Amino acid sequence: MRHVWRWFGPVDKVTIADARQAGAQGIVTALHHVPHGAVWLPAEIERRQREVASLPDGSASELSWEIVESLPVSEAIKTQVGEWRSHLANYRTSLENLARAGISVICYNFMPVLDWTRTDLAWRLPHGGTTMRFDLIDFAAFDIHILKRQAAPGDYTPEIAAEAARRYAQMDDHARKILARSVNSGLPGSTEDTSLDGLAAQLSNYDRIDATTLRRHFVDFLADVVPTAERLGLRLCCHPDDPPFPLLGLPRIMSTEADYSYVLDAVDSPANGATLCTGSLGARPDNDLPGMIERMGPKIHFAHLRNVRKEAAGTPCSFHEDEHLAGDTDMVAVVAALLHEEARRKVEGRPDAIIPMRPDHGQDILDDLTRGAQPGYPAIGRLKGLAELRGVEHAIRRSTSGDADLHLHRIIQREMPQAGSATCAR
């Protein structure tokens, strides 16, 4: 795997120098200041590339911008209202500009209104650090009593609604404001800071859009932009819903393996692929992550490796961001499955045999607690996660006769007799 690192631009409290010292081999970033639906201009792309290539003292970082995360899909495209057709044209133009700049992997999502959603951005852990958490009761308290969404009471069980009422009554004004701000934080790095009134207005745009309609709009988007991406040799990869279950009455269409299979089959192209996020998908007990890698492997263009701890059974449930090798996901099995997929691709001779991976999210520990980085993106917490994941990868590669690549290659040869004498390059 190739180890990459998410960076939010010059405003990020975690610098390019930090990323380099952490062991990053490449950078994942975006033009967060560009409004959704607008064209990413060549000059802006080149400026970000220069920023990535330089350390704060002006010397060369020896890193480059390798992956876009994210090239946003506008709300107009998702709802197919207003300027959505011009936004599609702008998206294609942005893809052209990124291809000319030499960037070939573009991560995006199709979540309506809000991206990842948490109720606490700094939940205190027993060891003294903090992490992000989604508390279902707190979220229901926000939905029913702070946002006051009309249909909210009917979206929760009577037991959850009653507990949410008790929880809300115990909060003071400060606690309620922190909860609202946490839920409403949206995409990290985004310039779009939606007020509660604005959030309610955006939710109303989906009053007549159910999951079937949103899925159709998604396929329409892919049918429009994937041919351009394929012609340019780009790989688009959709990030799953986070959390992977409906919130605020909004439809969710990228939460399960079946969801991915539908859209990948609907527009079958090497340019139409998946971002495997083990944290997002891992918040559902019915998602078999190693199995998903085995079955969806050829279409996985990017991997986000993080772990969550589900605090109750069933879906939806409360959960928090755990350490990378803790939580409910067997990360060793996930890494092994990704390495197996890489070996299979090498046998096929695919130019994209190496799957880029970034240590996603991280707990705030040590100096992270005073740095004030983007929620979920601390320096030391992610460095720790990357070191652990790199150790797992190294151990797997060395576990069989000192040459796990050769071992994996032999497995692939058994599964693919037609590969014959193909070699698995290191």
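Numbers given to residues run from 1 along each chain, matching the order in which its sequence is written. The model is predicted, so local features are restricted to residues of pLDDT at least 70 and side-chain atom pairs to those at 80 or more, both for listing and for counting; the totals for chains, interfaces and linings are taken over all residues. Hydrogens and waters are ignored; side-chain quantities use all the structure's heavy atoms.

Some remarks on the nonpolar core
Only buried Ala, Val, Leu, Ile, Met, Phe, Trp, Tyr and Cys residues count toward a nonpolar core, and they belong to the same one when joined by side-chain atoms within 4.5 Å. Throughout this description, buried means an accessible area under 20% of the type-specific maximum (1.4 Å probe, protein chains only), exposed means over 50%, and partly exposed covers the range between. Within the largest apolar cluster, 107 residues are counted, with the highest numbers of intra-cluster contacts made by Trp40, Phe218 and Phe221. Counting residues in each nonpolar core, the second largest holds 7 residues, with Val28, Val105, Cys107 and Phe302 among its members.

Quick word on helix α10 (residues 257–266)
Each helix corresponds to a stretch of at least 4 residues labelled H or I by DSSP, and each strand to a stretch of at least 2 residues labelled E; elements are numbered beginning at the N terminus. Looking at α10, one finds that the buried residues are Glu257, Asp259, Tyr260, Val263 and Leu264. Along the axis of α10, the buried residues cluster in a sector spanning 155 degrees; they form a single face. Projecting away from the buried face of α10 at angles above 90 degrees are the exposed residues Ala258 and Asp265. Among the structural elements, α9 (211–232), β7 (235–239), β8 (272–277), α11 (278–281) and α12 (289–296) are those in contact with the buried residues of α10. The directions from the helix axis to the C-beta atoms form the arc being described. In what follows, a contact means two residues having at least one pair of non-hydrogen atoms within 4.5 Å.

Considerations on the environment of Ile160
If you trace the backbone, Ile160 turns up in helix α6 (residues 158–170). Taking the C-alpha atoms as reference points, Ile160 and Ala140, 20 residues apart in sequence, are found 7.4 Å from one another.

Some details on the sheet that holds β8
Reading around the circumference, β1-β2-β3-β4-β7-β8-β9-β12 is the order of the 8 strands in this closed barrel, with parallel pairing throughout. Put simply, the sheet's adjacent strands are angled 30 degrees from each other on average, direction ignored. Strands pair, by our definition, only if DSSP identifies at least two bridges between them. In this sheet, β8 lies alongside β7 in parallel orientation, the contact comprising 3 bridges. Bridging across to β8, Cys238 finds its partner in Ala274. For helices, the axis comes from a line fit to the C-alpha atoms of the stretch in contact; other axes are also lines fit to C-alpha atoms, and the angle between any two N-to-C directions lies between 0 and 180 degrees. Across the sheet, α9 is in contact with β4 (105–109), β7 and β8; its angle to β7 comes to roughly 155 degrees.

Things to note about the confidence of the model for the protein chain
Parts of the prediction with low pLDDT should not have their coordinates interpreted in detail. Averaged over all residues, the pLDDT of the protein chain equals 92, while 92% of them reach at least 70. On a scale of 0 to 100, pLDDT captures the predictor's confidence in every residue. A low-confidence stretch, residues 415–426 (pLDDT under 50), is modelled with 21 contacts involving residues beyond four sequence positions or located in other chains.

Quick word on the packing of aromatic side chains
Centres within 6.5 Å are what make two rings of Phe, Tyr or Trp a pair, Trp counting through its six-membered ring; a difference in plane orientation under 30 degrees is then read as stacked, over 60 as edge-to-face, and the rest as tilted. All chains considered together, the criterion is met by 12 aromatic pairs. Ring pairs connect the aromatic residues Tyr91, Tyr108, Phe110, Phe218 and Phe221, which therefore count as one cluster. Counted as over-ring charges are cases with an Arg CZ or a Lys NZ within 6 Å of the ring centre that also lie within 35 degrees of the ring normal. Positioned above the aromatic ring of Trp123, the side-chain terminus of Arg133 is 4.5 Å from the ring centre. Of note, Arg215 hangs over the ring of Tyr262, and the distance from its end group to the ring centre comes to 5.5 Å.

Observations concerning the packing of helix α5 (residues 136–146) against α6
Taken N-terminus to C-terminus, the directions of α5 and α6 make an angle of 80 degrees; their axes are 8 Å apart at the nearest point. The orientation of α5 with respect to α6, classified from their angle, is roughly perpendicular. Where α5 approaches α6, its residues Leu136, Ile137, Asp138, Ala140, Ala141, Ile144, His145 and Ile146 are matched on the opposing element by Ile160, Ala161, Glu163, Ala164, Ala165, Arg167 and Tyr168. The residue makeup of the contact of α5 with α6, split by class, is 11 nonpolar, 1 polar and 3 charged. Any angle between 65 and 115 degrees counts as roughly perpendicular, while under 35 counts as roughly parallel, over 145 as roughly antiparallel, and the rest as oblique. Basically, the charged four are Asp, Glu, Lys and Arg, the nonpolar ten are Ala, Val, Leu, Ile, Met, Phe, Trp, Tyr, Cys and Pro, and anything else, Gly included, counts as polar.

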